[in-house]
Structure formats: structure tokens, C-alpha cells
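So the chains spell out like this:
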Amino acid sequence: MRIGILALQGAFIEHKYAFDKLGVDSFEIRQKRDIEEHFDALVIPGGESTVIGKLLHKLELFEPIKKMIENGMPVFGTCAGLIVLAKNVIGEEPHLALMDITVKRNAYGKQIDSFSQDVIIPEVSKEPFPLVFIRAPWIEGVGDNARVLCELDGHIVAARQDNILVTSFHPELTENLSFHKYFIDMIS
Ligand code: GLN
């Protein structure tokens, strides 16, 4: 199994460390020729969704990556990655527009409002998982095709739609590998 990690901007290296710890091969996708390599799944990391969106177009990665996901490639989007995958972004144009969710950017405020909270997400792990939020979005609502995995104080912060997994928090910034394991199970 080999996982491609979109490495245009943001917290991509932390995802690589998580897969390294799990003994899963991964590599960085930085330009068009990288997607010609074989890979079984994709990670879109946290960062700045507007920057990631622009670079996807500029580097001619937008259409091929959109097609791969439409054709069933498993994808894990964290924070900005969630925004890039959403069909609806409140007050803004969506990017890949693949997942049936409505997202509110920066819903949890500014950098200074970053926080962490332990929550049990039954589908992912029996143990509490540390949710790390950094200028995080939340999901205002999911459409018929998407399913809520985790809510925090009435706001949806993790969801799944077939091959697409998203979290508004950053599992890659914790030592806990449960979410990356869950994603690997989705691939295999
Ligand atoms: N605020 C960022 C955005 O809107 C997301 C923050 C993050 O990925 N940590 O794209």
C-alpha cells in the first residue's frame, strides 16, 4: 500500500510521520509528474484552503485529483483538506466540491483560539481521541450521502462519505494513530 500526501502547503510532513510509524509507505505529491506514480490513497492536509486550492489549479493537479477521488480513490482531508473537499463552503466558492457537506471556515476563530479536547469517536476507537483545532472549520450540515462521525458541542467535526474521510481537527498533530489506522482500514 502506498499513500500520496498532497504537499503543496501546510502540515503534510506530520501525516508522513504518522504513516511511517504505522509502517505504511507514503510519498509527497508536489507536482503533476508525482501523480503518475502508483498510489492507493491520498491525504489533503491542513494549511490554508485558499492557497491549496489555487496551487491545485496552477500545478494542473485539480482535474486529475478530482477524477481520481470521483473514481473511488480513498482520501483523507484534515482541516483545510476538509474545506478543499466540501461541496459547499459558506460565503465562498468551493474547491474540489466532492463531499456532500456544508462547511464554515474559521468557525472556531483565530490562531489564538486553538484548543484540544478528548472525545470518544466510537467508529474510530474505544479510547478518547485528542481533537486538536487550529483556526478550524466546522461542518454545518451533511447531505444524504455523507455520515457524521463526530460532533463536538453540537457541531460536526468529522464525517465520511464512501471513500472520503474528513476531520476539522488535526489527527496528524497528535501521537494517537487511531484516525490514520481507520483510514488505512478504509483503503484495504
Ligand atoms: N483556516 C484554514 C482555512 O480556512 C484551515 C486551518 C487549518 O488547516 N489548520 O483554510
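Preceding block: the structure.
Quick caveat: nothing in here was measured; it's all calculated off a predicted structure.

## Focus: the site of the ligand
Point 1. The local shell around the ligand consists of Gly-46, Gly-47, Glu-48, Ser-49, Cys-79, Ala-80, Ile-83, Arg-105, Asn-106, Ile-134, Arg-135 and His-170.
Point 2. One nitrogen or oxygen atom from the main chain of Ser-49 is found 2.7 Å from an oxygen atom belonging to the ligand.
Point 3. In the model, an oxygen atom of the ligand is placed 3.0 Å from a nitrogen or oxygen of the Ala-80 main chain.
Point 4. Of the pockets mapped on this structure, the ligand occupies the largest cavity.
Point 5. Class assignment for the residues of the shell around the ligand results in four nonpolar, five polar and three charged.

## Topic: the side chain of Ser-125
Point 1. Checked against the element boundaries, Ser-125 lands in the loop between strand S7 (115-120) and strand S8 (128-133).
Point 2. A residue is classified by how much of its surface remains accessible, and Ser-125, at 13% relative accessible area, is buried.
Point 3. Among the polar contacts listed, one links the side chain of Ser-125 to the backbone nitrogen of Glu-127, at a separation of 3.0 Å.
Point 4. Excluding residues within four positions of it along the chain, Ser-125 makes contact with Ile-120 and Ser-178.

## Description of the environment of Phe-76
Point 1. Examined against the element boundaries, Phe-76 turns out to sit in strand S4 (residues 75-78).
Point 2. Between the alpha carbons of Phe-76 and Ile-101 there is a distance of 15 Å; along the sequence they are 25 residues apart.
Point 3. Excluding anything up to four places from it in sequence, Phe-76 contacts His-15, Leu-42, Val-43, Ile-44, Leu-165, Thr-167, Pro-171, Phe-179, His-180 and Phe-183.

## Quick word on the side chain of His-95
Point 1. Along the chain, His-95 falls in the loop between strand S5 (86-89) and strand S6 (99-104).
Point 2. Taking relative accessible area as the criterion, His-95 reaches 18% and is therefore assigned buried.
Point 3. Once residues lying within four places of it in the same chain are set aside, the contact partners of His-95 are Ser-49, Thr-50, Gly-53, Phe-62, Ile-83, Val-84 and Ala-86.

## Considerations on the nonpolar core
Point 1. Leu-56 and Leu-96 are the most contacted members of the largest nonpolar core, which totals 34 residues.
Point 2. For this core, the element with the highest residue contribution is helix H4 (residues 80-85), accounting for five residues.
Point 3. When near neighbours in sequence (up to four residues on either side) are disregarded, Leu-96 contacts Ile-44, Leu-56, Phe-62, Ile-65, Lys-66, Ile-69, Val-84 and Leu-85.
Point 4. The next biggest cluster of nonpolar side chains, apart from the first, holds 33 residues, and it includes Cys-79, Leu-131, Trp-138 and Val-157.

## Thoughts on the packing of aromatic side chains
Point 1. Throughout the structure, instances matching the rule amount to twelve aromatic pairs.
Point 2. Here Phe-76 and Phe-179 contribute two aromatic rings whose centre-to-centre distance is 6.2 Å and whose plane-to-plane angle is 20°, an arrangement assigned as stacked. Here the residue Phe-76 occupies a position in strand S4, and Phe-179 occupies one in helix H5 (residues 178-187), the gap between them amounting to 103 residues. The exposure classification of Phe-76 matches that of Phe-179, with both residues buried.
Point 3. Ring centres 5.9 Å apart and planes at 70° place the aromatic pair Phe-133 and Phe-169 in the edge-to-face group. With Phe-133 in strand S8 and Phe-169 in the loop between strand S12 (164-167) and H5, the pair connects residues that are 36 residues apart, well separated along the chain.
Point 4. For Phe-133, a relative accessible area of 1% gives the class buried.
Point 5. Its relative accessible area of 0% is what places Phe-169 among the buried residues.

Parameters and conventions
Residues numbered from 1 in each chain as written. Predicted model: local features only at pLDDT ≥ 70, side-chain atom pairs only at ≥ 80, totals over all residues. Heavy atoms only, no water. Near = heavy atom within 4 Å. Polar contact = N/O pair within 3.5 Å; in protein donor to acceptor, adjacent residues only side chain to side chain. 1 Å grid on protein atoms, 1.4 Å probe; cavity = no way out; pocket = protein on both sides within 12 Å on 5 of 7 lines; lining within 4 Å. Sits in = over half its atoms within 2 Å of the grid points. Nonpolar A, V, L, I, M, F, W, Y, C, P; charged D, E, K, R; others polar. Helix = DSSP H or I, 4+ residues; strand = E, 2+ residues; numbered from the N terminus. Buried < 20%, exposed > 50% of the residue type's maximum accessible area, 1.4 Å probe, protein only. Contact = heavy atoms within 4.5 Å. Core = buried A, V, L, I, M, F, W, Y, C linked by side-chain atoms within 4.5 Å. Phe/Tyr/Trp six-rings, centres within 6.5 Å; stacked < 30°, edge-to-face > 60°.

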